[in-house]
Amino acid sequence: MDKYDVVVVGGGAAGLAGAQALARFRRRVLVIDSGRPRNAPAEGVHNFLGHDGRPPGELLALGRKELEQYGAEVRPGEVTTITQASSGFKVTLADQTEVEARRLLVTTGLVDELPDITGLAEQWGRGVLHCPYCHGWEVRDQAIGVIATSLMALHQADLFRQLSDNVTLFLHTAPEPSDEEWERLAARGISVVTGEVEAVESTDGRITGVRLTSGKVIPRQALVVAPRFTARADVLTQLGLEPVEMLYGDHVVGTYIPSGQDGATTVPGVWIAGNVADLRAQVVSSAAAGLSAGAAINMDLIAEETREAVNARSTKKNVFDEAYWEERYGSSEKVWSGKPNPQLVTEATPLTPGTALDVGCGEGADAIWLASQGWQVTAVDFSTVALKRAAEHAGDLKIDWQHVDVTDWQPDHGRFDLVSAQFMHLPREPREILYAKLAEAVAPGGSLLIVAHHPRDLETNAPRPNLPDMFFTAEELAAELDPAEWEIATHARPREAVGREGESVTIHDTVLHARKR
């Protein structure tokens, strides 16, 4: 299942603007678009600085092209269900495709529910309008009719009267105006027609008039109605977000989903923008709301990532605790490969077997290999889970498994012919104390073998511990040994490892092999 930082449901101006803000912050973003923009019937978008008059489809195509150059994906489809998941949300499309998202931005817009008048819907977005700011200029000085379904039509009549001195209000199903309202209409020169409207008449795709139920036809060139604006909120209701009604006086003009100023909803991880949140939003304000929501989502992700980084840093501090390793070994049947470390095999093979100390033995692969070569092995670790597993793997081999904390442990002085510490990483101060004790534990003529991650691999693509302070060179270790007492060999020895994408990567091991004189 594909995983994204943010899935945007809805590819209109709000969705694309929010996605672009996120993609420019290197977020992995998917926009799922049903291809049903509310303004599709309109000839052009207006009041969008720099894009005035541009066809809606062309504006969206430009937006998608811009968005994709930042690496975001736009996918046609219909979202059918959204459920909460451990990673955030699971989004299912009509074709049963599923994707995961850490955050959601829903910009599904609204549906314009028009009065049931013959011929009205066919002219919607062209000869039939509702917003004077969106399309009023285009019908200036024409014979305009306002079909009333509520007293909101009086407000529309006032606005369109600014654009034409030939405005007629059809009372249709609206309540009778008050005396004060009649006076206002008369003062503005707005004529009023009583009786219900039956049909919109047109010729060659252009409105010619309004036919009343009485049969009378009033010539008009453009019509204004007030639809009911219903939020497309099906996927949001699945998450527990219910639409609320928006009122104009006592009249319900539509429904919307409430949100905060930046589009945040009451469901953590879910933001909304555009007409699903604001019934009055035009294209430019929807785009601005999408940008604001995108920025808020990015900040929310940054806050989460910062918390995770702090927790990870705290975990790093605990990586040297017994409890950390008990949990790590206990949570898996096998942590390491079960093979001895290659530098141990390379350095110890030429040596004559004697007594050996394996420090930080883990699941026992090194200790088992040494014992199989004839060494008398003492192996220490502070994870009882690892020691138990190591003893089981050793079978009949005689190995002295010891549970110790190396930071407060003193090995026998001068006892071992080989002291091996393979990737025994500690912070600098306790590391220096431990390695000094290990050097003291080496018998005359014996070997001290220390292998660790080399600093040159801090930026390799192979998985490395995110503990840069724990990487060091063999030369740093050698500086702590007296050359009069030790024969010292240091290496940054390369070997092949598997990278994060399965590729072969060359890494380097710090190798110190010091022989006590």
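Everything below is about the structure printed above this text.
Along each chain, residues carry numbers from 1 onward, in the same order as the chain's sequence is written. Residue-level local features of this predicted model are given only where pLDDT is at least 70; pairs of side-chain atoms are given and counted only at 80 or more, and the full residue set underlies all totals for whole chains, interfaces and linings. Derived side-chain values reflect all non-hydrogen atoms in the structure, with water molecules and hydrogen atoms excluded from consideration.

Caption draft 1: Highlighting the packing of aromatic side chains. Side-chain rings of Phe, Tyr and Trp, where Trp is taken by its six-membered ring, are said to pair if the distance between their centres is within 6.5 Å; with planes under 30 degrees apart they count as stacked, over 60 as edge-to-face, and otherwise as tilted. This model, assessed by the stated rule, comprises three aromatic pairs. Centre to centre, the rings of Tyr324 and Trp325 are 5.3 Å apart; their planes meet at 85 degrees, and the pair counts as edge-to-face. The interplanar angle of 70 degrees and the centroid separation of 6.3 Å between the aromatic rings of Tyr435 and Phe472 together place this pair among those described as edge-to-face. Taken together, the residues Tyr435 in helix α12 (residues 428-440) and Phe472 in the loop between β24 (442-453) and α13 (474-478) connect sequence positions 37 residues apart. Three exposure classes are used, based on accessible area relative to the maximum for each residue type with a 1.4 Å probe and protein chains only: buried under 20%, partly exposed in between, and exposed over 50%. Residue classification places Tyr435 among the buried residues on the basis of a relative accessible area of 8%. For Phe472, a relative accessible area of 0% corresponds to the buried category. By the ring-pair criterion, three or more aromatic residues cluster together here, those being Tyr324, Trp325 and Tyr329. The ring of Tyr4 has Arg28 sitting right over it, with the charged end atom 4.2 Å from the ring centre. Secondary structure follows DSSP: runs of H or I at least 4 residues long count as helices, runs of E at least 2 residues long count as strands, and numbering of each begins at the N terminus. Placement of a positive charge over a ring is assigned whenever Lys NZ or Arg CZ falls within 6 Å of the ring centre and within 35 degrees of the normal to the ring plane.

Caption draft 2: Molecular detail of helix α10 (residues 365-372). When you tally the buried positions in α10, you get six out of eight residues, the bulk of the element. Whether two residues touch is decided by their heavy atoms; if any such pair falls within 4.5 Å, the residues are in contact. In this structure, the buried residues of α10 make contact with α9 (342-348), β20 (355-359), β21 (376-381), α11 (384-394), β22 (399-403) and β23 (416-422). Positive backbone phi, approximately 105 degrees, marks Gly374, located one or two places after α10.

Caption draft 3: Representation of helix α8 (residues 322-330) in the model. For α8, the full list of buried residues reads Trp325, Glu326 and Tyr329. Looking down the long axis of α8, one finds its buried residues gathered within 105 degrees of arc, a one-sided arrangement. Facing away from the buried side of α8, by more than 90 degrees, are the exposed residues Ala323 and Glu327. Next to the buried residues of α8 lie α11. Think of it as the arc spanned by the lines of direction from the helix axis to the C-beta atoms.

Caption draft 4: View of the pattern of salt bridges. Take a side-chain nitrogen of Lys or Arg and a carboxyl oxygen of Asp or Glu: if they are within 4 Å of each other, that pair is a salt bridge. Taken as a whole and assessed by the stated rule, the structure comprises 25 salt bridges. For Glu305, the salt bridge identified is with Arg102, shortest N-O distance 3.1 Å. Taken together, the residues Glu305 in helix α7 (residues 283-318) and Arg102 in strand β6 (residues 98-106) connect sequence positions 203 residues apart. The salt bridge involving Asp509 is made with Arg495; its shortest N-O contact spans 2.5 Å. Note that Asp509 is positioned in strand β26 (residues 504-516) and Arg495 in strand β25 (residues 486-498), a separation of 14 residues in sequence. You can call Arg495 partly exposed: its relative accessible area is 24%. Each of Asp5, Arg27, Arg102, Arg103, Asp300, Glu304 and Glu305 takes part in a single network of salt bridges with overlapping partners.

Caption draft 5: The arrangement of unusual backbone geometry in detail. Positive phi values are uncommon outside glycine, yet Arg26 reaches one of about 65 degrees. In this fold, Arg26 is placed in the loop between α1 (13-23) and β2 (29-33). The exposed category is assigned to Arg26, whose relative accessible area is 80%. Even without being glycine, Gln96 reaches a positive phi, approximately 75 degrees. Positionally, Gln96 belongs in the loop between β5 (88-93) and β6.

Caption draft 6: The arrangement of the sheet that holds strand β13 (residues 206-212) in detail. By the convention used here, strands pair only if DSSP detects at least 2 bridges between them. Read across the sheet, three strands follow the order β12-β13-β14 without closing on themselves; strand pairing throughout is antiparallel. Looking along the sheet, the strands with just one partner apiece sit at the ends: β12 (197-203) and β14 (217-219). When the angles between neighbouring strand axes are averaged without regard to direction, this sheet yields 30 degrees. Pairing of β12 with β13, which is carried by six bridges, proceeds in the antiparallel orientation. Bridge pairing in β13 places Glu201 opposite Gly209. For helices, the fitted line uses only the C-alpha atoms of the stretch in contact; every axis is such a line through C-alpha atoms, and the angle between N-to-C directions lies from 0 to 180 degrees.

Caption draft 7: Region of interest: the nonpolar core. To qualify as a nonpolar core, a set must consist of buried Ala, Val, Leu, Ile, Met, Phe, Trp, Tyr and Cys residues joined through side-chain atoms within 4.5 Å. Val359, Trp409, Val419, Tyr435, Leu438 and Leu448 are the most contacted members of the largest nonpolar core, which totals 28 residues. When residues of this core are traced back to their parent elements, those giving at least two are β20, β23, α12, β24, α13 and β26. Among the nonpolar cores identified, the runner-up in size contains 25 residues, and Val99, Ala231, Ala233 and Val235 belong to it.

Caption draft 8: Highlighting the packing of α1 against helix α2 (residues 56-68). It is the contact of α1 with α2, at a shortest axis distance of 10 Å, that shows an interaxial angle of 15 degrees. By the angle between their directions, the pair α1 and α2 is classed as roughly parallel. Taken as a pair, α1 and α2 cross one another with a handedness that is left-handed. Side by side, α1 and α2 meet where Ala13, Leu16, Ala19, Gln20 and Ala23 of the first sit next to Leu60, Gly63, Arg64, Glu66 and Leu67 of the second. Looking at the contact of α1 with α2, its residues break down into six nonpolar, two polar and two charged. Each angle gets one of four labels, with under 35 degrees taken as roughly parallel, over 145 as roughly antiparallel, 65 to 115 as roughly perpendicular, and the rest as oblique. Note: crossing handedness is left-handed where the near helix turns anticlockwise from the far helix by less than a right angle, and right-handed where it turns clockwise. Three residue categories are used. Nonpolar comprises Ala, Val, Leu, Ile, Met, Phe, Trp, Tyr, Cys and Pro, charged comprises Asp, Glu, Lys and Arg, and polar comprises the others, including Gly.

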